[in-house]
Amino acid sequence: MSQGAQSNQRQMSVLELLGTSTEFLRERGVQEPRLDAELLIGEVLGLDRLGLYLQHDRQVETAERDRFRELIRRRLSGEPVAYILGRKEFYGLEFEVGPAVLVPRPETEVLVDCLLKLLAEQKLERPLIAEVGAGSGAICVSLAHSLPGAQLVATEISPEALEFASRNAVRHNVAEHIELLQSDVLERVAGPLDAVISNPPYIAEHELAALPADVRDHEPHAALIAGPDGLELIQRLVEQAAPLLRPGGVLCFEIGAGQLDRVTGIITGHGGYDAPRAAKDLAGHHRVVIAHREN
């Protein structure tokens, strides 16, 4: 979709526009050009991805193309597609998102999977779970949706993020199961808890420049960066969770690439936990660390 093609007003079908826009995005270094083109065209036409192909020969009107070009312009400026659309799917649910919260990512679904499995093994009918760093509410809402008997308290330091989490809890009819607190880590949370879960910031300050532009320039740095080594929030999480967890309760959190050994050292050095273990994501990277409170 070159500049010349953009000014060409001949009618195009959905399939033609999808092809030209995909190539246009690919030439400009967008990481997932086909997916982005599908989502943005679908937004304009009111179609999901399947609908685009079922209506592949539909002619795209001039006004629709003009709106689509504006969305493409925003994408090329680095704005994440999720922010353009105002929504992102996570764990089979759709979440409202915006620049005040991180975009939920598929790899974080492994974190939810891990905790659900651990709680199922313990056969708890009404587990009490705390989440640190609620953001959009993707994790706590997904847990509440999957565990109708659970009660959750979710902390978040950003009042703007708490508004997103609150709206998403209402959207999925789990607001009565989630208490949202403006709190730094677990400072305002009382125990005993059956589990603590978190996708904390774990990127080191010096790594910021190497992040993809859409993450670096648009997503909230406070939810990404955790000091010189990326472990400041994890250190505090490990320390604050221990006295709040019941014996046998579990701490379950996401980590970054290459952090497993250092995080294991933080947990064993603190004491009060059984030997931690790790779970891998679909790419084979150690993604989640699990540590049980000593009995």
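Please refer to the structure higher up on the page.
This is a predicted model, so every value here is computed, not measured.

1. Focus: the overall build of the chain
Scanning the chain from N- to C-terminus turns up twelve helices and eleven strands. Its C-alpha radius of gyration of 21 Å places the chain within 12% of the 19 Å reference for a compact globule of 295 residues. Seen through its C-alpha atoms, the chain measures out along the principal axes to roughly 70 × 40 × 35 Å. The proportion of buried residues among the 295 residues of the chain is 52%. For the chain, long-range pairs separated by at least 24 residues make up 66% of all intrachain contacts whose partners lie at least 6 apart in sequence. Across the chain, the mean location of the 29 positive side-chain charges is 4 Å away from that of the 44 negative side-chain charges.

2. What to know about the side chain of His172
For His172, the location among the structural elements is in the loop between α9 (159-171) and β7 (178-182). A relative accessible area of 15% places His172 in the buried class. Once you skip the residues sitting within four places of it in the chain, His172 turns out to touch Leu93, Glu94, Phe95, Val141 and His145.

3. As for the packing of aromatic side chains
For the structure shown, the criterion picks out two aromatic pairs. When the ring of Phe90 is compared with that of Tyr91, the centres are 6.3 Å apart and the planes differ by 35°; the resulting orientation is tilted. Residue classification places Tyr91 among the partly exposed positions, given a relative accessible area of 24%. Aromatic side chains Phe90 and Phe95 sit 6.4 Å apart centroid to centroid with 70° between the ring planes, which places their arrangement in the edge-to-face category. In this pair, the class of Phe90 matches that of Phe95, namely buried. Chaining the aromatic ring pairs together yields one cluster made of Phe90, Tyr91 and Phe95.

4. Here's the deal with the pattern of salt bridges
Here the structure, examined in full by the defined rule, presents 22 salt bridges. Among the ionic pairs, Arg236 bridges to Asp184, the shortest N-O distance being 2.7 Å. On the criterion of sequence distance, the pair formed by Arg236 in helix α11 (residues 232-241) and Asp184 in the loop between β7 and β8 (193-198) is long-range, its members being 52 residues apart. We classify Arg236 as partly exposed; its relative accessible area is 25%. The salt bridge involving Arg216 is made with Asp217; its shortest N-O contact spans 3.1 Å. On the accessibility criterion, Arg216 (25% relative accessible area) is partly exposed. By relative accessible area, Asp217 is classed as partly exposed at 49%.

5. Digging into helix α2 (residues 14-27)
For α2, with 14 residues, the first-to-last C-alpha span of 20 Å sits near the 20 Å given by 1.5 Å per residue. Looking only at α2, the buried set comprises Val14, Leu17, Leu18, Ser21, Thr22, Phe24 and Leu25. Looking straight down α2, one finds its buried side chains confined to an arc of 165°; they lie on one side. Of the residues flanking the end of α2, it is Gly29, one or two places downstream, whose phi is positive at about 85°.

6. Topic: the environment of Leu111
Structurally, Leu111 can be placed in helix α7 (residues 109-122). Counting along the chain gives 176 residues from Leu111 to Arg287, while the straight-line C-alpha distance between them is 7.8 Å. Dropping the residues within four chain positions of it, Leu111 is found in contact with Ile139, Ile197, Ser198, Asn199, Cys252, Phe253, Glu254 and Val288.

7. Describing the pairing of strand β4 (residues 93-96)
Across the two faces of β4 the burial differs, with Leu93 and Phe95 buried and Glu94 and Glu96 not buried at all. Pairing analysis gives four bridges linking strand β3 (residues 87-90) to β4, with the strands arranged antiparallel. Paired with Phe90 across the two strands is Leu93, which belongs to β4. In this antiparallel pair of consecutive strands, β3 and β4, the connection spans two residues, and Tyr91 shows a positive phi of 55°.

8. Observations regarding the sheet that holds β8
Taken in spatial order, the seven strands make up an open sheet running β7-β6-β5-β8-β9-β11-β10, and their pairing is mixed. Two strands in the sheet have a free side with no partner beyond their single neighbour: β7 and β10 (277-280). Looking at each pair of strands side by side, their axes are set apart by 20° on average, direction ignored. The sheet contacts of α11 involve β5 (128-132), β8 and β9 (245-254), and relative to β9 the element is tilted by about 165°. The strands touched by helix α12 (residues 260-270) are β9, β10 and β11 (286-292); relative to β11, the strand with the most contacts, the crossing angle is about 15°.

Definitions and limits used
Residues numbered from 1 in each chain as written. Predicted model: local features only at pLDDT ≥ 70, side-chain atom pairs only at ≥ 80, totals over all residues. Heavy atoms only, no water. Helix = DSSP H or I, 4+ residues; strand = E, 2+ residues; numbered from the N terminus. Rg over C-alpha atoms; globule rule 2.2 N^0.38 Å. Buried < 20%, exposed > 50% of the residue type's maximum accessible area, 1.4 Å probe, protein only. Contact = heavy atoms within 4.5 Å. Lys, Arg positive; Asp, Glu negative; His and termini not counted. Charge placed at Lys NZ, Arg CZ, Asp CG, Glu CD. Phe/Tyr/Trp six-rings, centres within 6.5 Å; stacked < 30°, edge-to-face > 60°. Salt bridge = Lys/Arg side-chain N within 4 Å of Asp/Glu carboxyl O. Expected span 1.5 Å × (residues − 1). Arc of directions from axis to C-beta. Pairing = 2+ DSSP bridges. Axes fitted to C-alpha atoms, helices over the stretch in contact; angles between N-to-C directions.

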